[in-house]
Amino acid sequence: MSVNSNHISSLPAWRRTLGVIVIGWCWLPVVYLALLSVARDWAFPKLLPSSLSLAAWRLAFGPGGNLGTSFMMSTAVALLVATLATGAGLVASRTFAYHRRRGWWVLAAHAPFVLSPVILGTCLLFLFIKLHLVGTFVGVVAGQFIFCYGYAIILLIGFWNPHLAALESLARTLGAGRWQVFRRVLLPLARPMLAVCFFQTFLISWLDFGLVAVIGAGKVPVLTLRVFEYLGSGNVNLAAVVALCLMIPPLAILLLNRRLATLAV
Amino acid sequence: MPIFAPNSSADTLRRRAALAAFVTLAAGPPLWGVGYALAYSFGFVGALSSGFTVEHWQGLGKADSDVARSFGFSFAVATVTVAGAAASAVALSQVLRGTLSRGLAATALFVPLVIPGVVAALVGFQFLGSAGLLARLAWRAGLIAEPDQFPALIYDQFGIGIVLTHLAVAVPWLTLLFIRIHANERVDDYVALARTLGAGRLAAVRRVVLPMLLRRAAPTLTLYFAAVLGSYEIPLLLGAQRPEMISILVRRKFALFDLTQRPEAFLIAALYAVLVFVLVLLVFRKTPSAHVS
């Protein structure tokens, strides 16, 4: 820590200033939204609001606000999608890693991920209508799972390597069954990567707007839809409250465990 | 190349089941969607379809075509955004490597990753609008007297607000990416070698640092290009009515009461998907780390 501090303090002043500007720039949206959520009478050309009020927060979490419902809905969708995608991604990534056409399968895993969710959702709408999934919780989960499954495979493929294969073989040679190898060898080693994958797929689902809007048809009231609704009705204070509710949980997780994002960049 | 081959028929069965699940649940739906969009655009399916036709595709060649304008605009926005973000991030990563690679400073660079598009658009609107934060600062500096004297940075035909908002979100995490590549690829060692062999400071950056960083980041930059090309929320809230980004045009033409516009919506969707697939394929085949063989 002291080495780090000494290193930073030895940098030229302009570099330190630029560093502070970049860090400030990253946090600025959070600070600005926090201020916007409590601002009253903040018309042009005032740089700061004349007074502050918690009215928007009370309204959002009050009986008619439905923000609690949206929060629960977003959480349920994202948890389910992340769990399914991480589990399925672990199985598929192992299969791809040991396949002789590994590269092509990994490329195929990019297929859903490279397309715009709104455009893919529009193309799949007919299929989802036929399956009676449009406007339903299951439909939104299924739509997001397509994206997150591909992403999980791309993220987890790097976990499988010759060293791990050798460990598996060693455990099997020593008499361990398939389930024991999974539980005693693979799972403990995979746990950090699975945590990263779970967090990242949770984030994709949590922050999604396009698929929820198209496949969910506006009937699955997640938080991103709420931001859009409040913006549409011109209530920027409430939109800022919901935006903060969207950003604070993943931010808190990131601050507690930066490794969850570091491994994915 | 396989690490090891499956050693029993049960293994083979499991592998086939996993591949079948992947094709059905991940690769299949996008391919089905693109196929359906192509079929719709050629008149094979759809509420008003009357058999095979190339009528909708012929409209692409028209000079005043919405489709051509939208593709041109979207490609321009994506190109400027990715080029600007990559250039800024490379520069910041070189200048601030020591400052931003550790501790809470590095954590700050992750913050934009948790900003969804719709919230980025909200913040972009609040900052760039004619009564937004920048306009207020300009008023405070005495540069403008009224909000409408502030230059149009949103709802403009050049997509300035769209580009700036994308840049604001992307530059921090791309900076982090380049810092990590710089460390992992031991770029400093190669720079030292080049300098020992007589390369100047600028030549070392141009011939060693930039090629190493950009080649390694090419897949990520390609995916980011595809993401900006197909972005929806930011152009929806900050873009002009014309020209429109591809996603906006697809949704508009799809949602119109006039069902004769729907084949064109699917034509645009199919064309976009094919272009993105080809782009990704080209870049990933040329990138050794992608291992497409």
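Above this text is the structure in question.
Here's what I pulled together on the structure shown here. Just so you know, these numbers come straight off a predicted model, no measurement behind them.

A word on the packing of helix α8 (residues 162–173) of chain A against helix α9 (residues 178–207) of chain A. All names here are of chain A. Taken N-terminus to C-terminus, the directions of α8 and α9 make an angle of 145 degrees; their axes are 10 Å apart at the nearest point. Crossing of α8 over α9 shows right-handed handedness. Here α8 contributes Leu 164, Leu 167, Glu 168, Ala 171 and Arg 172 to the contact with α9, which in turn contributes Arg 178, Val 181, Val 185, Leu 186 and Leu 189. Among the residues forming the contact of α8 with α9, the class breakdown is 7 nonpolar, no polar and 3 charged.

As a further point, take the interface of chain A and chain B. Accessible area lost when the parts come together is the quantity often used to give the size of an interface. Taken residue by residue, the interface counts 89 residues in chain A and 89 residues in chain B. Connecting chain A to chain B are 9 residue pairs in polar contact (both at pLDDT 80 or more). Among the residues forming the side of chain A that touches chain B, the class breakdown is 68 nonpolar, 13 polar and 8 charged.

Counted by the stated rule, this structure contains 28 aromatic pairs over all chains. With a centroid separation of 5.7 Å and an interplanar angle of 85 degrees, the aromatic rings of B:Phe254 and B:Phe266 are classed as edge-to-face. With B:Phe254 in helix α12 (residues 246–255) and B:Phe266 in helix α13 (residues 262–286), this pair connects stretches of sequence that are 12 residues apart. Given the relative accessible area of 10%, B:Phe254 is considered buried. The structure contains a cluster of three or more aromatic residues connected by ring pairs, namely A:Phe126, B:Trp32, B:Tyr36, B:Tyr40, B:Phe254 and B:Phe266. Above the face of the A:Trp160 ring, A:Arg94 is positioned so that its terminal group lies 5.8 Å from the ring centre. Above the plane of the ring of B:Phe254 lies B:Arg262, whose end atom (NZ or CZ) is 4.2 Å from the centre.

The subject of this paragraph is empty space enclosed by the protein. Over the atoms, a rolled probe matching the size of one water molecule traces out where space is still vacant. Across all of its chains, the model carries 3 cavities of 30 Å³ or more by this definition. Here the largest cavity defines a volume of roughly 50 Å³. As for the largest cavity, its lining consists of B:Asp66, B:Arg69, B:Ser70, B:Gln241, B:Arg242, B:Pro243, B:Glu244 and B:Leu249. Ranked by residues supplied to the lining of the largest cavity, first place goes to helix α3 (residues 66–95) of chain B with 3 residues. Of the residues contributing to the lining of the largest cavity, the split by class is 2 nonpolar, 2 polar and 4 charged. As for the second largest cavity, its lining consists of A:Ser74, A:Val77, A:Gln144, A:Ser205, A:Trp206, A:Asp208, A:Val212, A:Val222 and A:Thr224. Looking at the lining of the second largest cavity, the elements that each hand over two or more residues are α4 (67–97) and α9 of chain A. Classifying every residue of the lining of the second largest cavity gives 4 nonpolar, 4 polar and 1 charged.

It is worth spelling out the packing of helix α2 (residues 13–38) of chain A against helix α12 (residues 236–256) of chain A at this point. Residues and elements named next belong to chain A. Close contact between α2 and α12 brings their axes to 8 Å; oriented N to C, the two are set at 140 degrees. As far as their axial angle goes, α12 and α2 are oblique. Note that α2 runs across α12; the crossing there is left-handed. Contact with α2, carried on its side by Trp 27, Val 30, Leu 33, Ala 34, Leu 36 and Ser 37, involves Val 236, Asn 237, Ala 240, Val 241, Ala 243, Leu 244, Met 247, Leu 251 and Leu 255 of α12 and no other residues of that element. Residue classes in the contact of α2 with α12 are distributed as 13 nonpolar, 2 polar and no charged.

This next bit is on the state of the cysteines. Residues and elements named next belong to chain A. Going through the model one piece at a time under the given rule, you end up with 0 disulfides over all chains. Among the cysteines around Cys 197, which has no disulfide bond, Cys 148 carries the closest sulfur, lying 8.7 Å off. On the accessibility criterion, Cys 197 (0% relative accessible area) is buried.

Definitions and cut-offs
Residues numbered from 1 in each chain as written. Chains lettered and ligands numbered in written order. Predicted model: local features only at pLDDT ≥ 70, side-chain atom pairs only at ≥ 80, totals over all residues. Heavy atoms only, no water. Axes fitted to C-alpha atoms, helices over the stretch in contact; angles between N-to-C directions. Helix = DSSP H or I, 4+ residues; strand = E, 2+ residues; numbered from the N terminus. Left-handed = near helix turned anticlockwise from the far one by under 90°. Contact = heavy atoms within 4.5 Å. Nonpolar A, V, L, I, M, F, W, Y, C, P; charged D, E, K, R; others polar. Polar contact = N/O pair within 3.5 Å; in protein donor to acceptor, adjacent residues only side chain to side chain. Phe/Tyr/Trp six-rings, centres within 6.5 Å; stacked < 30°, edge-to-face > 60°. Buried < 20%, exposed > 50% of the residue type's maximum accessible area, 1.4 Å probe, protein only. Lys NZ or Arg CZ within 6 Å of the ring centre and 35° of its normal. 1 Å grid on protein atoms, 1.4 Å probe; cavity = no way out; pocket = protein on both sides within 12 Å on 5 of 7 lines; lining within 4 Å. Points joined across faces, edges and corners; volume = space filled by probe spheres on them. Parallel < 35°, antiparallel > 145°, perpendicular 65-115°, else oblique. Disulfide = S-S within 2.5 Å.

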